[in-house]
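Spelled out, the chains give:
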Amino acid sequence: MTGRDAGARDTAAVVQVRAEGEVGEEALAYARSKIDAVVNRPGLPVVTGEVRIAQAAAHHAEHPWSAVADLRVGRSVVVIHAQEATYQEVTDRLQDRLRRQVERAAHGGNAAHRPVTPPWRGGQPTEAPAGRPDTRSA
C-alpha cells in the first residue's frame with residue numbers, strides 16, 4: 001500500500017501497488033515512489049485504487065512489462081494501461097499518463113472544452129481573439 005497514514009488527513013491517497021507474476025521488490029519500490037509522487041500532491045481530492053505491475057512469462061515478448069492503474073480520483077474513475085521493455089520504462093510511462101489523467105479528473109478536464117452559455121441565455125459575451133477583428137455586428 002502506498003500513500004499517507006490513514007489518520008494524517010482526510011484527503012490521504014490510498015493506492016495499493018501489486019505485483020503479478022515474478023516482479024521483484026526493486027520494481028515494486030520504484031513503482032511505489034513514482035505513484036506516490038503523483039497521487040500525494042496537495043490540492044487533489046481523495047485518490048484510492050490499485051496499480052498492478054506484471055512481467056510476461058514469455059521471454060521473447062517485445063514489451064514484457066505491463067502496468068494497469070485503476071484509480072478513483074474524487075468522483076472520477078481513471079484507468080491507465082502501459083506496456084514497455086523494462087520495469088523502469090513501464091513505470092515512467094504509467095506515471096506520465098497518470099499525472100495527466102489525475103489532473104484532468106481533479107480539475108474537471110480542459111476548460112476550453114466546457115460549454116459556454118450564450119449571451120441570450122444569460123452568459124457573458126465572448127471577445128474576439130487577439131489579432132483578429134471583431135466581425136460580429138452590434
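Residues numbered from 1 in each chain as written. Predicted model: local features only at pLDDT ≥ 70, side-chain atom pairs only at ≥ 80, totals over all residues. Heavy atoms only, no water.

S.K.: Please clarify how the pattern of salt bridges should be interpreted in this entry.
M.R.: Oppositely charged side chains are able to pair whenever their charged atoms sit close together. By the definition in use, this model includes eight salt bridges. Among the ionic pairs, Glu50 bridges to Arg18, the shortest N-O distance being 2.9 Å. With Glu50 in strand E2 (residues 47-55) and Arg18 in strand E1 (residues 14-20), the pair connects residues that are 32 residues apart, well separated along the chain. A residue is classified by how much of its surface remains accessible, and Arg18, at 41% relative accessible area, is partly exposed. (Salt bridge = Lys/Arg side-chain N within 4 Å of Asp/Glu carboxyl O. Helix = DSSP H or I, 4+ residues; strand = E, 2+ residues; numbered from the N terminus. Buried < 20%, exposed > 50% of the residue type's maximum accessible area, 1.4 Å probe, protein only.)

S.K.: Please explain the nonpolar core as it appears in this structure.
M.R.: Nonpolar side chains in soluble globular proteins tend to end up buried together. Ranked by size, the top nonpolar core spans 27 residues in total, and within it Ile35, Val39, Val51, Ile53, Leu94 and Leu98 carry the most contacts. Mapped onto this core, the elements with two or more residues apiece are E1, helix H1 (25-39), E2, strand E3 (65-73), strand E4 (76-84) and helix H2 (87-106). When residues no more than four places from it in sequence are discounted, the contact partners of Val51 are Val15, Gln16, Val17, Arg18, Ile35, Val68, Ala69 and Leu94. (Core = buried A, V, L, I, M, F, W, Y, C linked by side-chain atoms within 4.5 Å. Contact = heavy atoms within 4.5 Å.)

S.K.: Is there a simple way to explain the side chain of Gln95 in this structure?
M.R.: Along the polypeptide, Gln95 turns up in helix H2. The contacts of Gln95, once residues within four sequence positions are left out, are Lys34, Ala37 and Val38.

S.K.: Mind showing me how you'd approach the pairing of E1 here?
M.R.: Pairing between E1 and E2: seven bridges, direction parallel. Of the residues in E2, the one forming a bridge with Val15 is Gly49. Crossover connection from E1 via H1 to parallel E2: handedness left-handed. (Pairing = 2+ DSSP bridges. Right-handed = clockwise from strand over helix to strand, strands pointing away.)

S.K.: Got a minute to help me understand H2 in this structure?
M.R.: An α-helical segment advances 3.6 residues per turn. Residues three or four places apart therefore align on the same side. Its 20 residues place the ends of H2 27 Å apart at the C-alpha level, agreeing with the 28 Å of an ideal helix rising 1.5 Å per residue. Burial in H2 covers these residues: Tyr87, Val90, Thr91, Leu94, Gln95, Leu98, Val102 and Ala105. Buried positions in H2, seen along its axis, are confined to an arc of 135 degrees and lie on one side of it. Along its buried surface, H2 packs onto H1, E2, E3 and E4. The positive-phi residue at the C-terminal boundary of H2 is Gly108, with phi of around 75 degrees. (Expected span 1.5 Å × (residues − 1). Arc of directions from axis to C-beta.)

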